[in-house]
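Okay, here's what each chain looks like letter by letter:
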Amino acid sequence: MNYLIIGSGATGGCIGGYLAAAGKDVTFIARGAHLAAMKEHGFLLHGTRMGEVKIDPVQACTAEDYTGKADVIFLCVKGYALEGVLPLMSKAAKPDSIIVPMLNIVGTGGALQERFPEYTILDGCIYIGSYINAPGEVTQTGDTFRVVYGEREGSAHAAQLAAIADDLREARIDPVVSEDIRSAAFAKYCMVSPYAAVEAYYDILTEPLQKPGRERDLYVALTREAIAVGRAMGLTLADQIVDDNLMQVDESTPDSSASMYKDLKRGGESEIDGLLFQVVRLARQYGVSVPNYLMIAEKYGYQG
């Protein structure tokens with residue numbers, strides 16, 4: 001199978017980099033200095049699972065220059081950039097392609113499937129610590145590198161999903177083909193949304209979340225509110241998510257931060273609508289009280 005990575009930053013760079021290092025046919029979509037460095041020097045990947053790997057030559061191009069058809073497409077852009085890559089997704093897909101969104105925004109796969117019924121679009125999420133060091137250079141940190149994906153209804157593409165899992169496993173990425181991907185994706189959302197919200201509200205990095213205090217208490221309260229919303233939607237979400245999330249926070253480097261917080265600090269576009277406001281909207285839709293989410297949303301101008 002051949003893979004197309006749309007969005008070759010911290011997440012997409014690691015997925016594609018590990019696959020390419022394992023000998024898989026991978027094309028990266030990138031731009032600007034990141035693409036220029038990849039073409040000139042190759043793609044340098046640092047990882048706790050493989051050490052340092054240089055992929056040279058690397059198959060990388062702009063969206064405009066890509067002319068192929070992909071068996072598997074990983075969408076690894078931020079929520080606010082999704083609309084801009086849909087023409088490429090549509091151009092690169094074929095009737096039997098598998099499209100896997102790796103976005104933080106819950107429900108992305110289902111929404112895309114409604115817009116593009118001719119394609120097979122899964123839901124997915126990823127558990128990873130990663131960042132861009134410099135143009136053409138990405139680092140994967142920590143022990144966790146898990147890609148979760150699945151079909152929302154039925155198992156019509158089970159063989160293809162299993163083949164993707166085999167490739168990921170060979171690439172030293174832990175695959176999970178979920179039979180309840182809506183719940184699995186929302187469980188990840190219950191980690192990243194509170195994390196981003198607390199950092200934005202208190203204007204902090206991760207370190208204050210790693211010790212007792214108001215920041216950690218708010219993170220727990222937000223996680224429980226998010227779980228309550230998901231359960232009201234009919235999803236299966238365990239109480240254990242709270243402890244699991246805290247473990248993930250504690251394993252993070254103290255100076256790390258959520259991508260939404262970084263974007264807000266830069267003053268550019270961010271995923272605040274999908275990671276913060278969306279929880280309030282869903283809570284109202286399903287009749288769930290989320291006072292802490294509402295407090296933070298209102299600080300950032302949410303008006304309902």
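Fair warning: this is a prediction, and the values are worked out from it, not measured in the lab.

Calculation criteria
Residues numbered from 1 in each chain as written. Predicted model: local features only at pLDDT ≥ 70, side-chain atom pairs only at ≥ 80, totals over all residues. Heavy atoms only, no water. Helix = DSSP H or I, 4+ residues; strand = E, 2+ residues; numbered from the N terminus. Rg over C-alpha atoms; globule rule 2.2 N^0.38 Å. Buried < 20%, exposed > 50% of the residue type's maximum accessible area, 1.4 Å probe, protein only. Contact = heavy atoms within 4.5 Å. Areas by Shrake-Rupley, 256 points an atom, 1.4 Å probe, with all protein chains shown as cover. Lys, Arg positive; Asp, Glu negative; His and termini not counted. Charge placed at Lys NZ, Arg CZ, Asp CG, Glu CD. Axes fitted to C-alpha atoms, helices over the stretch in contact; angles between N-to-C directions. Parallel < 35°, antiparallel > 145°, perpendicular 65-115°, else oblique. Left-handed = near helix turned anticlockwise from the far one by under 90°. Nonpolar A, V, L, I, M, F, W, Y, C, P; charged D, E, K, R; others polar. Pairing = 2+ DSSP bridges. Right-handed = clockwise from strand over helix to strand, strands pointing away. Disulfide = S-S within 2.5 Å. Core = buried A, V, L, I, M, F, W, Y, C linked by side-chain atoms within 4.5 Å. Polar contact = N/O pair within 3.5 Å; in protein donor to acceptor, adjacent residues only side chain to side chain.

Undergrad: Help me understand the overall build of the protein, please; the structure alone is not making it clear to me.
TA: When helices and strands are counted, the protein shows 11 helices and 11 strands. On C-alpha atoms alone, the protein measures out to a radius of gyration of 19 Å, which is about the 19 Å that the 2.2 N^0.38 rule sets for 304 residues. C-alpha extents for the protein along the principal axes are approximately 50 × 40 × 30 Å. For the protein, the residues scored as buried account for 53% of the 304 residues in total. Excluding contacts between residues fewer than 6 apart, the proportion of contacts in the protein whose partners are at least 24 apart in sequence is 67%. Surface summary for the protein: the accessible area is close to 13,300 Å², and the carbon and sulfur share equals 49%. Measuring between centres, the 27 positive side-chain charges of the protein sit 3 Å from its 39 negative side-chain charges.

Undergrad: Got a minute to help me understand the packing of helix H3 (residues 82-92) against helix H4 (residues 108-115) in this structure?
TA: A pair of packed helices is characterised by two quantities: the angle between their axes and the separation of those axes. Two elements in contact, H3 and H4, have axes separated by 13 Å at closest approach and are oriented at 50°. On the basis of their axis angle, the class for H3 and H4 is oblique. Note that H3 runs across H4; the crossing there is right-handed. Here Leu82, Glu83 and Leu86 of H3 come into contact with H4, specifically with Thr108, Leu112 and Arg115. Here the residues of the contact of H3 with H4 sort into three nonpolar, one polar and two charged.

Undergrad: Where do I start with the pairing of strand S7 (residues 98-101) in this structure?
TA: Sheet faces and side chains relate simply in a regular strand, where the side chains alternate between the two faces. Covered by surrounding structure in S7 are Ile98 and Val100 together with Ile99 and Pro101, the residues of both alternating faces. By the bridge criterion, four bridges tie strand S6 (residues 72-75) to S7 in an arrangement that is parallel. Residue pairing across strands places Leu75 opposite Pro101, the latter belonging to S7. As a crossover connection, the stretch from S6 through H3 into S7 is right-handed. As judged from the two bridges shared by S7 and strand S8 (residues 120-121), these two strands associate in the parallel manner. By the bridge assignment for S8, Ile99 is matched with Ile121.

Undergrad: Where do I start with the state of the cysteines in this structure?
TA: A covalent bond between the sulfur atoms of two cysteines is what we call a disulfide. Here the structure, examined in full by the defined rule, presents zero disulfides. Looking at Cys61, it has no disulfide partner, and the nearest cysteine sulfur is the one in Cys76, 15 Å off. A relative accessible area of 13% places Cys61 in the buried class. The structure places no disulfide on Cys190, whose sulfur is separated from the nearest cysteine sulfur, that of Cys125, by 11 Å. Residue classification places Cys190 among the buried residues on the basis of a relative accessible area of 0%.

Undergrad: What should I look at first to understand the nonpolar core in this one?
TA: As a rule of thumb, soluble globular proteins bury nonpolar side chains together. The biggest cluster of nonpolar side chains holds 47 residues, and the ones touching the most others in it are Tyr219, Val229, Leu276 and Tyr293. Elements supplying a minimum of two residues to this core: strand S9 (123-134), helix H6 (181-202), helix H7 (214-232), helix H8 (240-251), helix H10 (272-286) and helix H11 (291-299). The leading source of residues in this core is H6, at 13 residues. Formed by 36 residues, the second largest nonpolar core is a distinct cluster that contains Tyr3, Met38, Leu161 and Ile164.

Undergrad: How do you make sense of the environment of Ile173 when you look at a structure like this?
TA: Its place among the elements puts Ile173 in the loop between helix H5 (158-170) and strand S11 (174-177). With sequence-adjacent residues up to four places away left out, Ile173 is seen in contact with Ile15, Tyr18, Arg49, Phe145, Val147 and Leu168.

Undergrad: Please clarify how the side chain of Asp123 should be interpreted in this entry.
TA: If you trace the backbone, Asp123 turns up in strand S9. Within the structure, Asp123 has its side chain in polar contact with the backbone nitrogen of Gly109 (distance 2.9 Å). Every residue in contact with Asp123, bar those within four places of it in the chain, is listed here: Gly107, Thr108, Gly109, Gly110, Val148, Tyr149, Gly150, Arg152, Ile181 and Arg182.

Undergrad: Would you take a moment to explain the packing of H6 against H7 for this structure?
TA: Contact geometry of H6 with H7 gives a least axis separation of 9 Å together with a crossing angle of 140°. Compared by their axis directions, H6 and H7 come out oblique. Here H6 and H7 pass one another in a crossing that is right-handed. Residues Phe186, Cys190, Met191, Pro194, Tyr195, Ala197, Val198, Tyr201 and Tyr202 of H6 lie in contact with H7, whose contacting residues are Arg214, Glu215, Leu218, Tyr219, Leu222, Thr223, Ala226, Ile227, Val229 and Gly230. In the contact of H6 with H7, the residues fall into 15 nonpolar, two polar and two charged.

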